[in-house]
Amino acid sequence: MIVVTGATGNVGQPLVRALVAAGEQVTAVARGISELDVSQGVRHQRADLAEPESLKPALHEAEALFLLTSPDFMANGDLSGAMNVVRASDVQRVVLLSSHGVGTQRHPSHLEDAVKQSGLEWTMLRPGNFASNTVQWAGLVRTRRVVTAPFGDVAVPAIDPADIAEVAAATLRGTGHEGKIYTLTGPAPISPRQQAAAIGAALGESVRFVEQSRAEARNQMLEYMPEPVVEATLGALGSPSAAEQRVSPDVERLLGRPPRTFAEWAERNIAAFK
């Protein structure tokens, strides 16, 4: 049995599908999950990492656990309580969806530290900029064919969440990943202006790009992200280090193929922008 937390999100949903397709028994976990969120035969359980005891029923007979935390929890949460519950179960392997920002020291390492200190087998996945972050542009694209974003010509790689899910499935099911840290990126740096153009190409219509100021972007992001995460994100997007602009070989090494491009992600998700 493999337990997937954050099972209703951009990574969790394709991960559950990939594991089921591979013949694995899966328990899908999220705070508000219901039977409508999972396919037939997939066990589901409501749980919240901020309430560690709520995780206990989901871990029954589980051998591996995928841990995904919310932005609020990433900034302020304490994972040690949840790891105590995990350690008391039959789980042997934990795969944590961390952040590239831990490696570049823009984000704190406390979540990774809690997993490493658990005494369990662990693997860290450190994705960078998600291609799916551009869904926040969907409303303006649908109504006005406009994208507004800061740092219009600063390019960093964007990773498709489906690639993250496939890597997670490989590390949960395979061997030789114990104690490994994988940095996950797309195949090439891409700027917000180029992303807007790719969405336009997928639509078959022109999409105009309007550059925001850093302050405008910060105020908007504070509506749905905690301040430390906002500041770290703006720093990585606006003044990326060489490491943050570098394409990692880990996706191709683990999956045996190059990571998907942003244009491929846009084509597959274009319904959100129509």
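Rules behind the numbers
- Residues numbered from 1 in each chain as written.
- Predicted model: local features only at pLDDT ≥ 70, side-chain atom pairs only at ≥ 80, totals over all residues.
- Heavy atoms only, no water.
- Helix = DSSP H or I, 4+ residues; strand = E, 2+ residues; numbered from the N terminus.
- Rg over C-alpha atoms; globule rule 2.2 N^0.38 Å.
- Buried < 20%, exposed > 50% of the residue type's maximum accessible area, 1.4 Å probe, protein only.
- Contact = heavy atoms within 4.5 Å.
- Areas by Shrake-Rupley, 256 points an atom, 1.4 Å probe, with all protein chains shown as cover.
- Core = buried A, V, L, I, M, F, W, Y, C linked by side-chain atoms within 4.5 Å.
- Pairing = 2+ DSSP bridges.
- Axes fitted to C-alpha atoms, helices over the stretch in contact; angles between N-to-C directions.
- Left-handed = near helix turned anticlockwise from the far one by under 90°.
- Nonpolar A, V, L, I, M, F, W, Y, C, P; charged D, E, K, R; others polar.
- Parallel < 35°, antiparallel > 145°, perpendicular 65-115°, else oblique.
- Salt bridge = Lys/Arg side-chain N within 4 Å of Asp/Glu carboxyl O.

Caption draft 1: Representation of the overall build of the protein in the model. Of regular secondary structure, the protein possesses 13 helices and 12 strands. For a compact globule of 274 residues, the expected C-alpha radius of gyration is about 19 Å, and the protein comes in at 19 Å, within 12% of that figure. Viewed in the frame of its principal axes, the protein has a C-alpha envelope of about 55 × 40 × 35 Å. Taking all 274 residues of the protein together, the buried fraction comes to 50%. A fraction of 75% describes how many contacts in the protein between residues 6 or more apart in sequence connect residues 24 or more apart. Just so you have it, the protein exposes about 12500 Å², and 48% of that area is on carbon and sulfur atoms.

Caption draft 2: Focus on the nonpolar core. Core analysis: the biggest nonpolar cluster contains 29 residues, and V4, L15, L19, F66, L125, L172 and L184 have the highest contact counts within it. Elements that contribute at least two residues to this core include exactly β1 (2–5), α1 (12–21), β2 (26–30), β4 (64–67), β5 (93–97), α7 (161–173) and β10 (180–184). The element that contributes the greatest number of residues to this core is α7, accounting for six residues. Here L19 is in contact with I2, V4, E24, V26, A169, L172 and R173, once residues within four sequence places are set aside. Listed in part, the 26 residues of the second largest apolar core include A58, L79, L120 and W122.

Caption draft 3: The arrangement of the sheet that holds strand β9 (residues 156–159) in detail. Pairing is mixed in the open sheet, where three strands are placed in the order β7-β9-β11. Bordering the open sheet on either side are β7 (129–130) and β11 (189–190), each of which pairs with just one other strand. Sheet topology places β9 next to β11; two bridges connect them, and they run antiparallel. Counted as the bridge partner of P157 is P189 from β11.

Caption draft 4: Geometry of the packing of helix α9 (residues 214–221) against helix α10 (residues 227–238). As a packed pair, α9 and α10 sit with axes 10 Å apart at the nearest point and diverge in direction by 145 degrees. Crossing angle aside, the handedness with which α9 passes α10 is right-handed. Between α9 and α10, the contacting residues are R214, A217, R218 and M221 on the first element and E227, V230, E231, T233, L234 and G235 on the second. For the contact of α9 with α10, a count of residues per class yields four nonpolar, two polar and four charged.

Caption draft 5: Fine view of the sheet that holds strand β3 (residues 43–46). Taken together, seven strands build an open sheet; the order of strands is β3-β2-β1-β4-β5-β6-β10 and the sheet is parallel. Either end of the sheet is taken by a strand with one partner, and the two such strands are β3 and β10. Each adjacent strand pair in this sheet contributes to an overall mean axis angle of 15 degrees, direction not counted. The sheet contact formed by strand β6 (residues 121–127) and β10 spans five bridges and is parallel.

Caption draft 6: Expanded view of the pairing of β9. Judged from the two bridges that link them, β7 and β9 form a sheet pairing that is parallel. Within β9, the residue paired with F130 across the bridge is I159.

Caption draft 7: Region of the structure containing the packing of α1 against α7. In the contact formed by α1 and α7, the axes pass within 8 Å of each other and the chain directions differ by 45 degrees. It follows that α1 is oblique to α7 by the angle criterion. The hand of the α1/α7 crossing is right-handed. Of the residues in α7, those in contact with P14, L15, A18 and L19 of α1 are A165, A168, A169, L172 and R173. Classifying every residue of the contact of α1 with α7 by side-chain character gives eight nonpolar, no polar and one charged.

Caption draft 8: Spotlight on the pattern of salt bridges. With the rule as written, the count across this model stands at 18 salt bridges. For R126, the salt bridge is made with E112, and the minimal N-O distance between the two is 2.8 Å. Of the two residues, R126 is situated in strand β6 and E112 in helix α5 (residues 110–116); the sequence distance between them amounts to 14 residues. Since its relative accessible area comes to 2%, E112 is described here as buried. Across the salt bridge formed by R218 and E231, the nearest N and O atoms sit 2.5 Å from each other. Of this pair, R218 sits in helix α9 while E231 sits in helix α10, and the two are 13 residues apart along the sequence. When its relative accessible area of 22% is taken as the criterion, R218 is described as partly exposed. Judged by its relative accessible area of 28%, E231 is partly exposed. Here the salt bridges do not stand alone but share partners, grouping D163, E166, R257 and R260 into one network.

On their own, these measurements won't tell you what the molecule is for.
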